[in-house]
Amino acid sequence: MSEKPMILTDQNSGESVELPINRGTEGEPTFEIKAVPSKLGYFTYDPGYAATASCTSKITFIDGGMGILRYRGYPIEQLAEQSDFLEVAFLLMNGELPNRAEYDEFTAEITYHSMVHEKLNTFISGFHYDAHPMAMMAGVVGSLAAFYHAKLDMSDPGHRKLAAMRMISKMPTIAAACYRHHMGWPTAYPPNGLNYCERFLHMMFSVPAETYEVSSVAARAFDLLFILHADHEQNASTSTVRLVGSTGANPYACVAAGISALWGPAHGGANEQVLKMLEQIGDVSNVPKFVAKAKDRDDPFRMMGFGHRVYKNFDPRATIIREAAHEVLSELGQSDPLMDLALELERIALEDEYFIEKKLYPNVDFYSGIIYRALGIPVSMFTVMFAIARTVGWVSQWLEQSDNPTRIGRPRQVYAGETERNYVDIDQR
Ligand code: ACO
């Protein structure tokens, strides 16, 4: 039996419109509002898209109330425990886990594309030494279209796939190059005998004067963090990638826009802000003061790494990362006073009526910085780490959209400006 549509009635005019119900395989149903403007003469108003599904997707499922996250149906906990980042990348892009031959072929192809055009290093060296690496990343990734324009026919699925693979592959090389530029170190080329995360660490930290041994603890920790950050359905940066993609722009431009959106402190930039906040709090005795600041409506301070638009329960990624932070610190034989501070902050906040009532829990960014710090990643590079991982999600979502192109994304507005008035000559104003 087909489901009855929703009926929307304008109580003023008495006009009604039927709104068909859409059900996915899981999650809340939606009703389609396409007919509302033509039938009733209204648009819908939803600032921040808090109640609007922008697309149909088969990639990632979140149940925010239950604290569930699944990539292509697989629970994040299982992938974190049993998979690796490139296998997850294959899964997100292609819909299924690879068999052994597919995995080997995919890994080899990602490895093959790890170098960047030599002139890209000249481009990077044009930045000032203290440029924020996210500013560099947005610029450099956008410029890839200028370097790899020979295979950019977006109507060709082969070209689309190649651009996606290139971005996953080159992102660590570019990120490390941005860091090395800041440090004044010479270019490091990708050692393709190493795996994805080992290669990245080598490009980040090796110097010509010394032999660099990649730490297996560090490589594993990165792999885990990259899996957890790989995709998160229609978050702000992914929606940005889709919106730019809907115009037919090339994928490098789309991902550069995604990087810019990710940089914001309300989104991926929060991991950098969490560390700065913990350093500012400084001591456990100051926690109550900062919790009070976060609750004060007149104070712009927010508890960074807390809260989420979709999760109104624990962010399952935060639970895994907190555990991993303990493990990494213990395996490296380190202790970090900021970890103790973070735990105490979480404990006090979670007992507080304000955080309970507003369902504010630690999100993915709350503990990730502790791990990055333990592994020697500077704070300004934290959001870049997120961008490397999320590139997989961005290109997967972009591929899904490109395979079934939608109309150009074009929201409307409630106009609240002046109504028509006549131009007044400058001397008479
Ligand atoms: N500290 C204090 N109060 C908060 C916080 C916080 N971190 N987050 C939300 N609130 C309060 C808001 O002031 C608001 O209160 P009100 O109802 O009295 O006005 C209420 O909780 C709801 O918050 P909104 O801002 O409406 O929630 P929204 O879904 O729009 O924002 C966001 C979600 C941006 C993540 C927000 O919680 C936030 O700014 N958190 C801190 C930044 C952060 O950690 N971002 C990373 C998110 S995860 C990611 O993108 C990778």
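Residues numbered from 1 in each chain as written. Predicted model: local features only at pLDDT ≥ 70, side-chain atom pairs only at ≥ 80, totals over all residues. Heavy atoms only, no water.

(A) Quick peek at the overall build of the protein. Assigned secondary structure in the protein consists of 18 helices and seven strands. The principal-axis extents of the C-alpha atoms in the protein amount to approximately 80 × 70 × 60 Å. Taken over 429 residues, the protein has a buried fraction of 46%. Within the protein, contacts between residues separated by at least 24 positions form 69% of all contacts whose residues are at least 6 apart in sequence. If you sum the accessible surface of the protein, you get close to 22,200 Å²; carbon and sulfur atoms cover 52% of it. Side-chain charges in the protein split into 38 positive and 53 negative, and the spacing between the mean points of these groups amounts to 5 Å. (Helix = DSSP H or I, 4+ residues; strand = E, 2+ residues; numbered from the N terminus. Buried < 20%, exposed > 50% of the residue type's maximum accessible area, 1.4 Å probe, protein only. Contact = heavy atoms within 4.5 Å. Areas by Shrake-Rupley, 256 points an atom, 1.4 Å probe, with all protein chains shown as cover. Lys, Arg positive; Asp, Glu negative; His and termini not counted. Charge placed at Lys NZ, Arg CZ, Asp CG, Glu CD.)

(B) Molecular detail of the site of the ligand. Lining the immediate environment of the ligand, one finds 21 residues, of which His-267, Arg-297, Met-303, Arg-309 and Tyr-354 sit closest. Here an oxygen atom of the ligand and a side-chain polar atom of Arg-297 are 2.4 Å apart. For the ligand, an oxygen atom lies 2.8 Å from a polar atom in the backbone of Gly-305. Grouping the constituent residues of the shell around the ligand by class yields eleven nonpolar, five polar and five charged. (Near = heavy atom within 4 Å. Polar contact = N/O pair within 3.5 Å; in protein donor to acceptor, adjacent residues only side chain to side chain. Nonpolar A, V, L, I, M, F, W, Y, C, P; charged D, E, K, R; others polar.)

(C) The arrangement of a nonpolar patch on the surface in detail. Taken together, Met-6, Phe-31 and Ile-33 make up a surface patch of nonpolar side chains, about 240 Å² in accessible area. With respect to the helices, strands and loops of the structure, Ile-33 is situated in the loop between β4 (30-31) and α1 (36-40). A relative accessible area of 31% places Ile-33 in the partly exposed class. (Patch = residues over 30% accessible without salt bridge, like charges linked within 9 Å, V, L, I, M, F, W, Y side chains within 5 Å. Salt bridge = Lys/Arg side-chain N within 4 Å of Asp/Glu carboxyl O.)

(D) The sheet that holds strand β5 (residues 60-63), seen in detail. The strand order β5-β6-β7 describes an open sheet built from three strands, whose pairing is antiparallel. Of all the strands in the sheet, the pair left with one neighbour each is β5 and β7 (74-75). The sheet contact formed by β5 and strand β6 (residues 68-71) spans four bridges and is antiparallel. Bridge assignment links Ile-62 to a residue of β6, and that residue is Leu-69. (Pairing = 2+ DSSP bridges.)

(E) Here's a closer look at the pattern of salt bridges. For the coordinates displayed, the defined rule picks out 16 salt bridges. When the shortest N-O distance is used, the salt bridge between Arg-70 and Glu-26 registers 2.5 Å. Of this pair, Arg-70 sits in strand β6 while Glu-26 sits in the loop between β3 (21-22) and β4, and the two are 44 residues apart along the sequence. Glu-351 is paired through a salt bridge with Arg-347; the nearest N and O atoms lie 3.4 Å apart. Placement of both Glu-351 and Arg-347 in helix α15 (residues 337-351) is noted, with a separation of four residues, approximately one turn of the helix. Accessibility expressed as a relative area gives 41% for Arg-347, which makes it partly exposed.

(F) Here's a closer look at the packing of aromatic side chains. Counted under the stated rule, the structure contains 19 aromatic pairs. Aromatic side chains Phe-222 and Phe-226 sit 5.6 Å apart centroid to centroid with 70 degrees between the ring planes, which places their arrangement in the edge-to-face category. Here Phe-226 and Phe-222 lie together in helix α9 (residues 216-229), a separation of four residues that amounts to about one turn. Each member of the pair, Phe-222 as well as Phe-226, is classed as buried. Considering the side-chain rings of Phe-290 and Phe-301, the 5.6 Å spacing of their centres and the 70 degrees angle between planes classify their relative orientation as edge-to-face. (Phe/Tyr/Trp six-rings, centres within 6.5 Å; stacked < 30°, edge-to-face > 60°.)

(G) Quick peek at the environment of Asp-130. Inspection of the secondary structure assignment puts Asp-130 in the loop between α5 (118-125) and α6 (133-147). By relative accessible area, Asp-130 is classed as partly exposed at 48%. Separated by 127 residues in the primary sequence, Asp-130 and Glu-3 have C-alpha atoms spaced 59 Å apart.

(H) Representation of the nonpolar core within the structure. Residues Phe-222 and Leu-278 are the most contacted members of the largest nonpolar core, which totals 119 residues. With residues up to four places along the chain from it excluded, the contact list for Leu-278 reads Leu-338, Leu-341, Ala-342, Leu-345 and Ile-370. (Core = buried A, V, L, I, M, F, W, Y, C linked by side-chain atoms within 4.5 Å.)

(I) View of the side chain of Asp-10. Within the secondary structure, Asp-10 sits in the loop between β1 (6-9) and β2 (16-19). Look at Asp-10: it is buried, it has no salt bridge, and the nearest opposite charge is Lys-39 at 14 Å. From its side chain, Asp-10 meets the backbone nitrogen of Asn-12 in a polar contact 2.8 Å long. Setting aside chain neighbours within four positions, we find Asp-10 in contact with Glu-15, Leu-40 and Tyr-42.

(J) Representation of the packing of α9 against helix α14 (residues 316-331) in the model. Relative to each other, α9 and α14 sit at 175 degrees, their axes nearing to 11 Å. When the axes of α9 and α14 are compared, the pair comes out roughly antiparallel. On α14, the residues that touch Val-217, Arg-220, Ala-221, Leu-224, Leu-225, Leu-228 and His-229 of α9 are Arg-317, Ile-320, Ile-321, Ala-324, Val-328 and Glu-331. Split into classes, the residues belonging to the contact of α9 with α14 amount to nine nonpolar, one polar and three charged. (Axes fitted to C-alpha atoms, helices over the stretch in contact; angles between N-to-C directions. Parallel < 35°, antiparallel > 145°, perpendicular 65-115°, else oblique.)

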